[in-house]
Amino acid sequence: MGDTIFGKIIRREIPADIVYENDDVLAFRDLNPQAPVHVLFIPKHAMATLNDAIPSDATLLGNLLLAAADYAKREGFAEQGYRTVINCNEHGGQTVFHLHVHLLAGRSMHWPPG
Ligand code: AMP
């Protein structure tokens, strides 16, 4: 896949407010937050969209969600609740083509989304 702004964040070529990191996953605050807490969890070994995932990516995809839940617990809002979202391609509203999980928290979320 081509490089994206998230690749530059992983390589520390541009700044980001990094809040969580492990061997496979990096997480940083969204530049344009849609909730009081809005953090993006990205795999360090990128794929462009969820469509590009293959069975051997199952652990990586699971690790993104586990990292988000771990962060929510450590930050103290897990019990109150939060939302995780993966946008895919045009109709999903994806704008950065490095797969990422949005973690949104700190306010009540509506369903269905707009
Ligand atoms: P999506 O629309 O699902 O592709 O989400 C991309 C998200 O990346 C948007 O919510 C943007 O606000 C966010 N974003 C874009 N550039 C940056 C950046 N340099 N640092 C943090 N978040 C960013």
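Refer to the structure presented above.
Here is what the cut-offs are and how they apply
- Residues numbered from 1 in each chain as written.
- Predicted model: local features only at pLDDT ≥ 70, side-chain atom pairs only at ≥ 80, totals over all residues.
- Heavy atoms only, no water.
- Core = buried A, V, L, I, M, F, W, Y, C linked by side-chain atoms within 4.5 Å.
- Buried < 20%, exposed > 50% of the residue type's maximum accessible area, 1.4 Å probe, protein only.
- Helix = DSSP H or I, 4+ residues; strand = E, 2+ residues; numbered from the N terminus.
- Contact = heavy atoms within 4.5 Å.
- Near = heavy atom within 4 Å.
- Polar contact = N/O pair within 3.5 Å; in protein donor to acceptor, adjacent residues only side chain to side chain.
- Areas by Shrake-Rupley, 256 points an atom, 1.4 Å probe, with all protein chains shown as cover.
- Nonpolar A, V, L, I, M, F, W, Y, C, P; charged D, E, K, R; others polar.

**Student:** Explanation requested: the nonpolar core in the structure shown.
**Tutor:** A general tendency of soluble globular proteins is for nonpolar side chains to be buried together. Judged by nonpolar contacts, the single largest core of 18 residues is most densely connected at Val 39, Phe 41, Tyr 71 and Phe 77. At the level of elements, β2 (25–29), β3 (37–43), α2 (58–75) and β5 (101–105) are the ones that each hand at least two residues to this core. The contacts of Phe 41, once residues within four sequence positions are left out, are Tyr 20, Val 25, Leu 26, Ala 27, Leu 64, Ala 67, Ala 68, Tyr 71, Leu 99, His 100, Val 101 and Leu 103.

**Student:** What's the story with the site of the ligand in this structure? I'm lost.
**Tutor:** Of all residues adjacent to the ligand, which total 16 residues, the nearest are Asp 30, Asn 87, Thr 95, His 100 and His 102. Contact distances for the ligand include 2.5 Å between an oxygen atom and a side-chain N or O atom of Asp 30. Contact distances for the ligand include 2.8 Å between an oxygen atom and a side-chain N or O atom of His 102. Here the ligand has 500 Å² of accessible area as a free molecule, and 85% of this is covered by the chains. Going through the elements one at a time, α1 (5–10) and β2 are the ones with two or more residues in the shell around the ligand. The greatest single-element share of the shell around the ligand, amounting to 3 residues, is contributed by α1. Of the residues assigned to the shell around the ligand, the class counts are 7 nonpolar, 7 polar and 2 charged.

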